[in-house]
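Below are the chains, spelled out letter by letter.
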Amino acid sequence: MKVVLCHGTFDLLHYGHILMFRGARGMGDKLIVTITGDKFMKKGPGRPVFNERQRRDWIMECRSVDECHIIQEPTGVGAIRQFRPAIYAKGRDTLQWTNIIKEERDAVWAVGGDLKYIDTGTVFHSGELLSGKYLAPREDQESA
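Below or above, wherever it landed, is the structure these notes cover. On a predicted model such as this, the values are computed, not experimentally measured, just so you know.

1. As for the sheet that holds strand β4 (residues 87-91)
Within the open sheet, the five strands sit side by side as β3-β2-β1-β4-β5. Their pairing is parallel. Both edges of this open sheet fall to β3 (67-71) and β5 (114-118), since each of them pairs with a single strand only. With direction set aside, neighbouring strand axes in the sheet form an average angle of 30°. Across two bridges, strand β1 (residues 3-8) lies against β4 in parallel orientation. Note on β4: the bridge partner recorded for Leu5 is Tyr88. Helix α2 (residues 52-60) rests against β2 (30-36) and β3 of the sheet, and its axis sits at about 165° to β3.

Criteria and cut-off values
- Residues numbered from 1 in each chain as written.
- Predicted model: local features only at pLDDT ≥ 70, side-chain atom pairs only at ≥ 80, totals over all residues.
- Heavy atoms only, no water.
- Pairing = 2+ DSSP bridges.
- Helix = DSSP H or I, 4+ residues; strand = E, 2+ residues; numbered from the N terminus.
- Axes fitted to C-alpha atoms, helices over the stretch in contact; angles between N-to-C directions.
- Contact = heavy atoms within 4.5 Å.

Okay, structure coming up:
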């Protein structure tokens with residue numbers, strides 16, 4: 001069975017996450033999503049907005065996701081070691097966090113997996129959404 005792993009904070013689940021989960025699920029037989037526990041969130045004051053149980057429950061409602069677990073670590077390295085995925089999938093927007101991505105890449109290579117970036121075409125950021133930046137529809141958003 002080819003396991004794909006996605007890890008993040010997912011403080012506000014949004015359309016970009018859904019597209020990423022769909023893309024990741026298409027890369028394997030099972031999609032596991034892990035989320036950073038509340039005490040390791042470093043997104044700023046008032047974050048996380050949704051606690052770890054709420055975030056896990058919300059993600060489990062996504063039909064692309066087979067399992068969701070809370071990880072009590074600041075990065076996905078522990079989850080990679082635990083679940084040993086064939087593919088560790090990240091959104092293309094995470095390229096900016098090179099030191100964390102490098103640690104996660106090295107961890108996935110150590111378990112025989114590979115790091116793949118998913119380009120959803122649209123980039124959203126939970127922090128910007130929570131700040132009200134996108135209160136009006138964006139030109140680059142798909143319409144229903």
